Amino acid sequence: MTGVSERKSRNRVDSGRFASHIAPSAQLPYNFCRFDAGGLAAAPAATFVRNLPLMSQLTILEYPDPRLRTKAQPVVVFDAALQALIDAMFETMYAAPGIGLAATQVNVHKQLLVLDVSEEKNRPLVLVNPRIVAQDGSQTYQEGCLSVPGIYADVDRADRITVEALDRNGQPQQIEAEGLLAVCIQHEMDHLVGKLFVDYLSPLKRDLVRRKLEKQRRSAAQA
Ligand code: K1U
Ligand code: ZN
């Protein structure tokens, strides 16, 4: 970790290096609504308005919300509610825009994350109950986080990882990742254990981040 900044400049998103084993998701949104996924378990698995599926954007928790520190539990049921949550997480991630999203960030404390590091936004990946089973090398990447908006900082992570996870249907998958995909998977897996990229910063830099975010929120409230 070397610095904190408010603007991302150095990193290049290069999808060409990363193979995804997952077919692109079928649906694009017709309609959007905003709701808190905390109530998702009680919500119907699919909602239709005049025969059009009502797609959903979820509220993303922001640092220093203590709910971001919750440790996620394994997914054991692959039902329609889980499929609806996954679809809503993709909608939320693409709209943000972001390249990853962990369930923790939308206040669902299940071991589930979605990713798409491709330029064309056509390589969605769903990882359920992910485990890193091998890692190699190191890389430094200037990371951002949808839960820490507008803040970017260098983080050191493994360069290559092998991840075992389940897909959205509960089928086992093994993913070999390097570069940005490896960074993003590690960042999202940190969310599932309640860890944020700002935790890699010194206390002094973390305090700077907290004050920058407070200032951003005061300005936004005045606007
Ligand atoms: O909040 C998150 O976990 C998502 C985060 C993922 C991430 C980004 C960079 C390094 C590690 C992990 C983001 O997507 S922040 C937004 C971002 O980086 C981005 C957005 C659009 C295009 C390209 C990048
Ligand atoms: Zn994040």
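Preceding this section is the structure that the text describes.
None of the values given here were measured: they were computed from a predicted structure.

K.L.:
With reference to specific residues and values, describe the overall build of the protein.
P.N.:
Across its full length, the protein carries 3 helices and 11 strands. Within the protein, buried positions represent 44% of all 223 residues. Taking as baseline every contact in the protein between residues at least 6 positions apart, the subset at least 24 positions apart corresponds to 70%. When the accessible surface of the protein is split by element, carbon and sulfur atoms take 52% of a total near 11300 Å².

K.L.:
Please provide a residue-by-residue account of the coordination of the zinc ion (ligand 2), values included.
P.N.:
Protein coordination of the zinc ion (ligand 2) is provided by Cys-145 (SG), His-187 (NE2) and His-191 (NE2), with donor distances spanning 2.1 to 2.3 Å. Mapping the donors of the zinc ion (ligand 2) onto the primary sequence gives the spacing C-x41-H-x3-H. Remark: His-187 occurs in helix α2 (residues 179-192) and Cys-145 occurs in the loop between β8 (139-143) and β9 (152-157); sequence separation between them is 42 residues.

K.L.:
I'd like a rundown of the sheet that holds strand β1 (residues 4-5), residues and numbers included.
P.N.:
Pairing in this open sheet of 3 strands is antiparallel, and the strands run β1-β9-β8 from one edge to the other. Pairing within the sheet leaves two strands with one partner each, and these edge strands are β1 and β8. Note: β8 against β9, 5 bridges, orientation antiparallel. Among the inter-strand pairings, Glu-143 is bridged to a residue of β9, identified as Ala-153. Strands in contact with α2 are β8 and β9; relative to β8, the strand with the most contacts, it is inclined by about 65°.

K.L.:
Help me get a handle on the sheet that holds strand β11 (residues 172-178), residues and values and all.
P.N.:
Spatial strand order, β5-β6-β7-β10-β11: 5 strands in an open sheet with antiparallel pairing. For this open sheet the edge positions go to β5 (100-102) and β11, each flanked by a neighbour on one side alone. Neighbouring strand axes in the sheet, compared pairwise and without regard to direction, differ in orientation by 40° on average. Two elements, strand β10 (residues 160-166) and β11, share 7 bridges in a ladder whose sense is antiparallel. Its bridge partner lying in β11, Ile-161 is registered against Ala-177.

K.L.:
Mind laying out the environment of Leu-58, listing which residues take part and the relevant values?
P.N.:
Position of Leu-58 among the secondary structure elements: in strand β4 (residues 52-58). Leu-58 sits 31 residues away from Met-89 along the chain, and the two C-alpha atoms are 6.9 Å apart.

K.L.:
Please give an account of the environment of Tyr-94 that cites residues and values.
P.N.:
Turning to its location among the elements, Tyr-94 is positioned in helix α1 (residues 80-95). Judged by relative accessible area, Tyr-94 falls into the partly exposed class, the value being 26%. Sequence-wise, Tyr-94 and Leu-115 are 21 residues apart; in three dimensions their C-alpha atoms are separated by 9.5 Å. Side chain to side chain, Tyr-94 and Asp-116 meet in a polar contact 2.5 Å long.

Criteria and thresholds
- Residues numbered from 1 in each chain as written.
- Chains lettered and ligands numbered in written order.
- Predicted model: local features only at pLDDT ≥ 70, side-chain atom pairs only at ≥ 80, totals over all residues.
- Heavy atoms only, no water.
- Helix = DSSP H or I, 4+ residues; strand = E, 2+ residues; numbered from the N terminus.
- Buried < 20%, exposed > 50% of the residue type's maximum accessible area, 1.4 Å probe, protein only.
- Contact = heavy atoms within 4.5 Å.
- Areas by Shrake-Rupley, 256 points an atom, 1.4 Å probe, with all protein chains shown as cover.
- Donors = N, O, S within 2.8 Å, 3.2 Å for Na, K, Ca; no water.
- Pairing = 2+ DSSP bridges.
- Axes fitted to C-alpha atoms, helices over the stretch in contact; angles between N-to-C directions.
- Polar contact = N/O pair within 3.5 Å; in protein donor to acceptor, adjacent residues only side chain to side chain.

Note that all results are geometric; they support no functional claim without further evidence.
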